[in-house]
Amino acid sequence: METSGGPSEPQPEEDSDLSPLFFQPDKAGFYSPRTAHNSPERINCYRNIGRFIGLCLLHNHILPLPLCRHVLKIIIGKKISWHDLAFFDSVLYENLRQLVIDAEQNPGQIEKYELTFELEGEDGRGSIELVTNGANIPVTAANVYDYVRLYTKQKLIGSARPALRAVNEGVSDVIPRSSLAGLTAEDLRLMLNGSGEISVELLKQITQFNNEAGPNEPQEKITKFKKWFWNLVERMSVAEKQELVYFWTSSPALPATEEGFQPVPSITIRPVSDNQLPTANTCISRLYIPLYSSKSALKTKLLIAIKTEGFGFV
């Protein structure tokens, strides 16, 4: 039985200290430390990343680096289980799961796979023994659970252990370890990466409006303009909502709680002008929108603004 997984970790360049610090394994969009020569300089980079993670937690800021589940569990001090492999390499996880099923249903057949407690090296050269003398220990129905557990530990941690330890130490440099007690990996992900689903209701509740349209503009017109804005936001696609929030706050996701909004999002309504685009000051999470003459003008200008690369600082 072939136990090699799906997409494997890309191999470092010849000078691996200059290669990327993280890579995306099986599940696109989530990152894990990349195996490389663990020079003091490279390990210090990982520790600084840990400090940055700690600062994000301390100040309720969104971390623009979604981490794999096992990395989150290491940060909060939780034990890695073989089920965490499903979030890292789903093909390998399924192969190992099938191996366990075969061992339970046909105990005498597992030896035909000719597996031992020795794996191929991560660089494709050499080998790694999961236990002492592992090359001479066959995988059987009696020890298959140990094999799966050790295989998972090697795959998720392995030579990345120094990098993972450095990230963990970096977090502890900023916040006390006790502050993470009781959290799950899912809790930590929500705190670090926010909610991918943009809640328009939450935005409505916390957004503050400032009226700079001029003293001659009737309040009824301002009220109608606010309704236009929220109606357009509600009808946006998920991607457009994320683009709006990114243009507005420089983060594509919302914090997990209201307390995470620092500062609170605001919208300043500027004097009437159908020729200007909305702008934003992301440092204070503020949108500046002219009092457009129609709902269609507001929609057109807002969509153009949020799809531009860069910010309209004012």
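Residues numbered from 1 in each chain as written. Predicted model: local features only at pLDDT ≥ 70, side-chain atom pairs only at ≥ 80, totals over all residues. Heavy atoms only, no water.

### Focus: the overall build of the protein chain
Consideration 1: Counting its secondary structure elements, the protein chain contains 10 helices and eight strands.
Consideration 2: For the protein chain, with 314 residues in total, the buried portion stands at 43%.
Consideration 3: For the protein chain, the share of sequence-separated contacts (at least 6 apart) that also reach a separation of at least 24 residues comes to 64%.
Consideration 4: Summing over all exposed atoms, the protein chain offers an accessible surface of approximately 16,200 Å²; the carbon and sulfur share of this is 52%. (Helix = DSSP H or I, 4+ residues; strand = E, 2+ residues; numbered from the N terminus. Buried < 20%, exposed > 50% of the residue type's maximum accessible area, 1.4 Å probe, protein only. Contact = heavy atoms within 4.5 Å. Areas by Shrake-Rupley, 256 points an atom, 1.4 Å probe, with all protein chains shown as cover.)

### Here we look at the packing of helix H1 (residues 40–59) against helix H6 (residues 185–193)
Helix packing for two helices is described by the angle between their axes and how far apart those axes are.
Consideration 1: Between H1 and H6, the least distance of the axes is 9 Å, while the angle of their chain directions is 85°. Viewed along their axes, H1 and H6 adopt a mutual orientation that is roughly perpendicular. Residues Ile 53, Cys 56 and Leu 57 of H1 form the contact with H6, whose own contacting residues are Leu 188, Met 191 and Leu 192.
Consideration 2: Across the contact of H1 with H6, the residue classes break down as six nonpolar, no polar and no charged. (Axes fitted to C-alpha atoms, helices over the stretch in contact; angles between N-to-C directions. Parallel < 35°, antiparallel > 145°, perpendicular 65-115°, else oblique. Nonpolar A, V, L, I, M, F, W, Y, C, P; charged D, E, K, R; others polar.)

### Re H6
Consideration 1: The set of residues buried in H6 consists of Ala 185, Leu 188, Leu 192 and Asn 193. With its buried residues spanning 105° around the axis, H6 presents them on a single face.
Consideration 2: Residues of H6 that are buried sit in contact with H1 and helix H2 (69–75). (Arc of directions from axis to C-beta.)

### A look at the confidence of the model for the protein chain
Consideration 1: Summary statistics for the protein chain give a mean pLDDT of 86 and a share of 88% for residues scoring 70 or more.
Consideration 2: Highest mean pLDDT in the protein chain belongs to helix H5 (residues 161–174) (96); lowest belongs to helix H9 (residues 238–249) (85).
Consideration 3: Per-residue pLDDT stays below 50 along residues 1–12; that stretch engages in 36 contacts with residues further than four places along the chain or on separate chains.
Consideration 4: This stretch, residues 310–314, has a pLDDT under 50; its non-local contacts, to residues over four places away or in other chains, come to 15 contacts. (pLDDT = per-residue confidence, 0-100.)

### A word on H9
Consideration 1: A rise of 1.5 Å per residue sets the reference length of H9, with its 12 residues, at 16 Å; its end C-alpha atoms lie 16 Å apart and thus fit the reference within 8%.
Consideration 2: Taken residue by residue, H9 has Glu 240, Lys 241, Leu 244, Val 245, Phe 247, Trp 248 and Thr 249 as its buried positions.
Consideration 3: Next to the buried residues of H9 lie helix H7 (200–206), helix H8 (219–234), strand E6 (266–270), strand E7 (279–281), strand E8 (286–290) and helix H10 (295–306).
Consideration 4: Where H9 ends, the next residue or the one after it, Ser 250, has phi of about 75°, a positive value. (Expected span 1.5 Å × (residues − 1).)

### Details of the packing of aromatic side chains
Each aromatic ring pair is specified by the distance between its two centres and by the angle formed by the two planes.
Consideration 1: Under the counting rule described, the total for this entry stands at nine aromatic pairs.
Consideration 2: With centroids separated by 6.2 Å and ring planes inclined at 90°, the aromatic side chains of Phe 23 and Phe 88 adopt a geometry described as edge-to-face. Remark: Phe 88 occurs in the loop between H2 and helix H3 (90–105) and Phe 23 occurs in strand E1 (residues 22–23); sequence separation between them is 65 residues.
Consideration 3: Judged by relative accessible area, Phe 88 falls into the buried class, the value being 6%.
Consideration 4: Seen from their ring centres, Tyr 147 and Tyr 151 are 5.6 Å apart, and the 85° between their planes marks the pair as edge-to-face. Note that Tyr 147 and Tyr 151 are positioned in helix H4 (residues 144–156) at a spacing of four residues, about one turn of the helix.
Consideration 5: Given a relative accessible area of 1%, Tyr 147 falls into the buried group.
Consideration 6: Exposure remark for Tyr 151: the relative accessible area of 10% places this residue in the buried category.
Consideration 7: Among the aromatic residues, ring-to-ring pairing joins Phe 209, Phe 229, Trp 230 and Trp 248 into one connected group. (Phe/Tyr/Trp six-rings, centres within 6.5 Å; stacked < 30°, edge-to-face > 60°.)

### Observations regarding the environment of Ile 80
Consideration 1: Within the element layout of this structure, Ile 80 appears in the loop between H2 and H3.
Consideration 2: For Ile 80 and Arg 149, which are 69 residues apart along the polypeptide, the C-alpha to C-alpha distance reads 9.3 Å.
Consideration 3: When near neighbours in sequence (up to four residues on either side) are disregarded, Ile 80 contacts His 70, Lys 73, Ile 74, Leu 156 and Ile 157.

### Focus: the pairing of E8
Consideration 1: Across the five residues that make up E8, a large majority, four, are buried.
Consideration 2: Pairing of E7 with E8 involves three bridges; the strand directions are antiparallel. By the bridge assignment, Ala 280 is partnered in E8 with Leu 287.
Consideration 3: Connecting E7 to the next strand, E8, in antiparallel fashion are four residues, including Ser 285 with a positive phi near 50°. (Pairing = 2+ DSSP bridges.)

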